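What the coordinates show
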Amino acid sequence: MMEKKNLDWSNLTFSYQKTDKRFVANYKNGAWDEGALTDDDMIVMSEDAGVLQYAQTVFEGLKAYTTKDGKIVTFRPDLNADRLHDSAVRLEIPPISKEMFLRSIHEVVEANAAWVPPYGTGASLYLRPYIFGISPVIGVKPADDYQYRVFATPVGPYFKGGAKPIAVKISDFDRAAPRGTGNIKAGLNYAMSMHAIVTAHNEGFAENIYLDPATRTKIEETGGANILLVANDDTLVVPKSSSILPSITRRSLVYVAEHYCGMKVVEREVYLKEIFDGEFKECGLCGTAAVISPVGKINDHGKEFEFASGMAEMGPWMTKIRQTLLGIQEGDIEAPEGWIYTIVE
Ligand SMILES: *Cc1c(COP(=O)(O)O)cnc(C)c1O
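Note that the structure is a prediction, hence the values are computed from the model and not measured. (Residues numbered from 1 in each chain as written. Predicted model: local features only at pLDDT ≥ 70, side-chain atom pairs only at ≥ 80, totals over all residues. Heavy atoms only, no water.)

**Details of the environment of histidine 195**
Mapped onto the fold, histidine 195 is located in helix α5 (residues 193–202). For the pair formed by histidine 195 and isoleucine 292, sequence separation is 97 residues and the distance between their alpha carbons is 24 Å. (Helix = DSSP H or I, 4+ residues; strand = E, 2+ residues; numbered from the N terminus.)

Quick look at the structure:
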């Protein structure tokens, strides 16, 4: 048995903490090298690196955690590999192979096994793979050389003392143009969200809901999570748009709702007006960190709508699909083929 680090696992926050090993691979002369683990958490690069000048970088986020039977696993990392590939291609970054992605995740988790929180703490080891342009560019063009890295950092449970519903606002800012980069996981989509989220927090809201920029009548997603709704007839409704980031949690919850919870699922455009007309009784935000955060209220320029599920607790359908997915992730409920990727037996 490897000795765990002496951390207060249940009281970790979502912040960076340097761990022992990270994976680094370099792209030079038109090819990726094999990559390897390193102790070095520092990056030395040109003052004119592509990532610094024109934000040429894409990333992923996933977690490793301990299951009830003591295994260290990750959840559907093959989908993170596919998404990183798609993000890279959109920004003219040379994609890495799925083989290298999975190997890097495996090696980083194995090498930092002492940092993987024990079962039952609600904490996990967050993994951050990313690729960025490292060689100098001054004319606007893709960099010649790139670096791929994966680091790991232990993070605490997203909800301390239960998943309390949040109040969100309809943002006055737009997130992603119709044929822009909203559907890829890129830092540039977050840079533009900083001012919007600080503004929302100053006004007392936990998150921003962004509308479709073309018509500003349909809901898309928040800065870092997809939206799910439960209609009054118990259908799970998933907003559809080509500028929404394809959340792996959302795709998994949709499967769970249909195949484990007997819900009907519809993916379609959702008008903000439908929400204010009272068509939906529950709302949640989904992503790796929280699985689902319940939304109790939506505020559109002072006009407020409170879902029937209210501000006291998560609604019954959101609770059911969230608990089912957590059960699958933790090994209490049988997982669909290929969902759980075991790293340490
Ligand atoms: C990462 C991300 C999500 C959530 O995706 P998961 O794969 O479920 O973690 C949702 N929206 C945006 C904009 C994201 O960057």
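**Observations regarding the site of the ligand**
The immediate surroundings of the ligand are formed by 15 residues, with Lys185, Tyr190, Ser247, Thr249 and Thr288 found nearest. Contact distances for the ligand include 2.7 Å between an oxygen atom and a side-chain N or O atom of lysine 185. Contact between the ligand and serine 247: an oxygen atom at 2.6 Å from a side-chain N or O atom of the residue. (Near = heavy atom within 4 Å. Polar contact = N/O pair within 3.5 Å; in protein donor to acceptor, adjacent residues only side chain to side chain.)

**A look at the nonpolar core**
Membership of the largest hydrophobic core comes to 35 residues, with the highest contact counts inside it found for Trp32, Phe101, Leu127, Ile131 and Tyr148. Looking at this core, the elements that each hand over two or more residues are β1 (22–28), β5 (62–66), α2 (77–90), α3 (98–111), β7 (124–133) and β8 (146–155). Setting aside residues up to four positions removed in sequence, tryptophan 32 forms contacts with Ala25, Asn26, Tyr27, Pro94, Pro95, Ile96, Met100, Ile131, Tyr146, Gln147 and Tyr148. Counting residues in each nonpolar core, the second largest holds 28 residues, with Phe159, Ala257, Val265 and Ile328 among its members. (Core = buried A, V, L, I, M, F, W, Y, C linked by side-chain atoms within 4.5 Å. Buried < 20%, exposed > 50% of the residue type's maximum accessible area, 1.4 Å probe, protein only. Contact = heavy atoms within 4.5 Å.)

**Quick word on the domain arrangement of the protein chain**
Assigned domains within the protein chain: domain 1 (9–157) and domain 2 (166–328). On a C-alpha basis, the centroid separation for the pair domain 1 and domain 2 is 26 Å. Taking both sides of the interface into account, the surface hidden between domain 1 and domain 2 amounts to around 1,500 Å²; carbon and sulfur atoms contribute 66%. On the domain 1 side of the interface with domain 2, the three residues burying the most area are Phe59, Arg83 and Arg90, jointly 39% of the side's total. The interface formed by domain 1 and domain 2 includes 6 residue pairs in polar contact (both at pLDDT 80 or more). Mapped by element, the contributors of at least two residues to the side of domain 1 that touches domain 2 are β4 (57–59), β5 and α2. It is α2 that contributes the most residues to the side of domain 1 that touches domain 2, 6 residues altogether. For the side of domain 1 that touches domain 2, the per-class residue count stands at 8 nonpolar, 4 polar and 6 charged. (Domains from an automatic or database assignment. Buried area = accessible area lost by both parts, 1.4 Å probe. Nonpolar A, V, L, I, M, F, W, Y, C, P; charged D, E, K, R; others polar.)

**Topic: a nonpolar patch on the surface**
A grouping of Tyr54, Ile138 and Val140 is seen on the molecular surface, where their side chains present a nonpolar patch of about 360 Å² in accessible area. Along the chain, isoleucine 138 turns up in the loop between β7 and β8. (Patch = residues over 30% accessible without salt bridge, like charges linked within 9 Å, V, L, I, M, F, W, Y side chains within 5 Å. Areas by Shrake-Rupley, 256 points an atom, 1.4 Å probe, with all protein chains shown as cover. Salt bridge = Lys/Arg side-chain N within 4 Å of Asp/Glu carboxyl O.)

**With respect to the packing of aromatic side chains**
Within the structure shown, the criterion is met by 12 aromatic pairs. Ring centres of phenylalanine 305 and phenylalanine 307 lie 5.1 Å apart, and the angle between their planes is 90°; on these two criteria the pair is classed as edge-to-face. Of the two residues, phenylalanine 305 and phenylalanine 307, neither departs from the other in class, the shared state being buried. Through successive ring pairs, a cluster of aromatic residues spans Tyr16, Tyr130, Phe132 and Phe151. Directly above the aromatic system of phenylalanine 276 lies the positively charged group of lysine 303, at a separation of 4.7 Å from the ring centroid. (Phe/Tyr/Trp six-rings, centres within 6.5 Å; stacked < 30°, edge-to-face > 60°. Lys NZ or Arg CZ within 6 Å of the ring centre and 35° of its normal.)

**Quick look at the pairing of β7**
A large share of β7 lies buried, amounting to 9 of its 10 residues. Bridging between β4 and β7 involves 3 bridges; their strand directions are antiparallel. What sits directly across from threonine 57, in β7, is phenylalanine 132. Direction of pairing for β5 relative to β7: antiparallel, over a ladder of 3 bridges. Counterpart to leucine 62 in the pairing with β7 is leucine 127. Two elements, β7 and β8, share 10 bridges in a ladder whose sense is antiparallel. When the sheet's bridge partners are listed, tyrosine 130 is paired in β8 with arginine 149. (Pairing = 2+ DSSP bridges.)

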